[in-house]
Structures are given as C-alpha cells and as structure tokens.
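Architecture and fold: a report
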Amino acid sequence: MDIELIFRIAAVGIIVSILNQVLSRTGREEQATMTTLTGLVVVLMMVVQKISELFDLVKGLFNL
Amino acid sequence: MDVFLKAAAGVLVAVILVLVLMKQGKDLSVLLIVAVCAMVLCAALSYLQPIKDLIIRLQTIGQLDSDTLSILLKAVGIGLIAEVTGLICADAGNAAMGKTLQFLASAVILWLAIPLLNELLELLDTILGAI
C-alpha cells in the first residue's frame, strides 16, 4: 500500500488552497481559478493511475 | 496482517485530511477519497487471489462446470466495482449517478446469468418431461 499518495494529494490540496486564498485577496481571481484547476488536474493524474491499477487487478482476478 | 494495520492507519489519517480539504473545496477531497478507496481495494484484492485459487481447486475436485464459476466470479467483480463507485458518488453528493451505475451493474449481471437461466430451464424441461 502506497500511503505516500494520501499525503501527496493532501499536500497539493493544502498548497492549492493557500495559493487560491493569496491570489483571491490580491484581486487575481482568474489566476486563482487557474491554480485551482491545475491542482485538480495534477491530483486527477495521480488518482487515475491508481484507478487504472485497481481496474486491472479486478479484471485479472475476476476474469472480466 | 501488516497491510491491514497500515490500511487502517492510512484511512484514519485520510479521513482527517479529507475534513481539512473539505473546508477549502470539495473537489480535491473527493479525489482523495477515490485514491484511498482504490488503494484499500487493491490491498483487499491481493488477499482475494489465494481465495480464488482455492475456489478453482474446489471446482477441479468437484468437477464443476468452469463456465458457471466464471460467471459467478464476473458477477462478484462487477458488483464490487459498482458498489464502491456508487458509494463514492453518494459521498460526493451525486447519489443519482451512483444508483444508476448500480442499476447498470444489475443489468449486466442479469445479462451474464442468461446462460445459467437457460440451463436451469432445460433442466426443468428434462425433469418435467421425464414425469
């Protein structure tokens, strides 16, 4: 089990939220939105790999 | 056993992190939930592999039809994925999508079971024909 993935996702989330707040307070709403979107895509890329691994395992185990 | 304890600790930490992320925005917290569920399921499936081997051994000993067992295994796999996906959808606030996926899974399992039902009908026909 790769516990590090949990911390990686949480770290990205916290960094994105801090950046989002800083950019929002300084009046750069568009950049804040883009930062949030980028963070989302980065985390999505991590999660998609894990989901793919899970589906491969299920396919192999249950002969799907 | 070590993997189980690791998973329990990881899930507890992840719950707290999800609560922290939930305050900032729900999107990343849902992704964290998906990742944790995928990781725990991967660990669970690694334990299920020897059980599958045992079932296949029992099938060989009992000289059972391999198609029947294959259909049963497929049904279990589809049900597992549909259940977990439905729960994640419900957690994310989209219970309708989760329920629809579970309905699709039920339909697929019924579709897979058609050969079994046909065999059952033929068996009934044979038994009733003999009477």
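Everything that follows concerns the structure shown earlier in this document.
Residues numbered from 1 in each chain as written. Chains lettered and ligands numbered in written order. Predicted model: local features only at pLDDT ≥ 70, side-chain atom pairs only at ≥ 80, totals over all residues. Heavy atoms only, no water.

A short note on the overall build of chain B
Scanning chain B from terminus to terminus reveals five helices and zero strands. Reading the helices (α) and strands (β) of chain B from amino to carboxyl end gives α-α-α-α-α. By the compact-globule yardstick of 14 Å for 131 residues, chain B is too spread out, its C-alpha radius of gyration being 20 Å. C-alpha atoms of chain B, sized along the principal axes, occupy 70 × 35 × 15 Å. Across the 131 residues of chain B, 29% fall into the buried class. The contacts in chain B between residues at least 6 apart in sequence include a share of 54% that link residues at least 24 apart. In the structure as shown, chain B presents an accessible area of about 8,500 Å², 73% of it carried by carbon and sulfur atoms. Positive and negative side-chain charges in chain B, numbering 7 and 10 respectively, have mean positions lying 14 Å apart. (Helix = DSSP H or I, 4+ residues; strand = E, 2+ residues; numbered from the N terminus. Rg over C-alpha atoms; globule rule 2.2 N^0.38 Å. Buried < 20%, exposed > 50% of the residue type's maximum accessible area, 1.4 Å probe, protein only. Contact = heavy atoms within 4.5 Å. Areas by Shrake-Rupley, 256 points an atom, 1.4 Å probe, with all protein chains shown as cover. Lys, Arg positive; Asp, Glu negative; His and termini not counted. Charge placed at Lys NZ, Arg CZ, Asp CG, Glu CD.)

Examining the nonpolar core
I6(A), I9(A), V43(A), V47(A), L54(A) and L32(B) are the most contacted members of the largest nonpolar core, which totals 33 residues. Put simply, the parts of the chain that give this core at least two residues each are helix 1 (4-25) and helix 2 (29-61) of chain A together with helix 1 (2-24), helix 2 (26-62) and helix 3 (66-91) of chain B. For this core, the element with the highest residue contribution is helix 2 of chain B, accounting for 13 residues. When we break this core down by domain, the ones giving at least three residues each are domain 1 (1-64) and domain 2 (65-131) of chain B. If you look at the next biggest cluster of nonpolar residues, it comprises five residues, including I71(B), I78(B), A82(B) and L112(B). (Core = buried A, V, L, I, M, F, W, Y, C linked by side-chain atoms within 4.5 Å. Domains from an automatic or database assignment.)

Some remarks on the packing of helix 1 of chain B against helix 2 of chain B
All names here are of chain B. Interhelical geometry of helix 1 versus helix 2 gives an angle of 170° and a closest axis separation of 9 Å. Looking at the two axes, helix 1 sits roughly antiparallel to helix 2. Side by side, helix 1 and helix 2 meet where V3, F4, V11, A14, L17, V18, L21 and M22 of the first sit next to K26, L28, S29, L32, I33, V36, V40, A43 and Y47 of the second. The residue makeup of the contact of helix 1 with helix 2, split by class, is 15 nonpolar, one polar and one charged. (Axes fitted to C-alpha atoms, helices over the stretch in contact; angles between N-to-C directions. Parallel < 35°, antiparallel > 145°, perpendicular 65-115°, else oblique. Nonpolar A, V, L, I, M, F, W, Y, C, P; charged D, E, K, R; others polar.)

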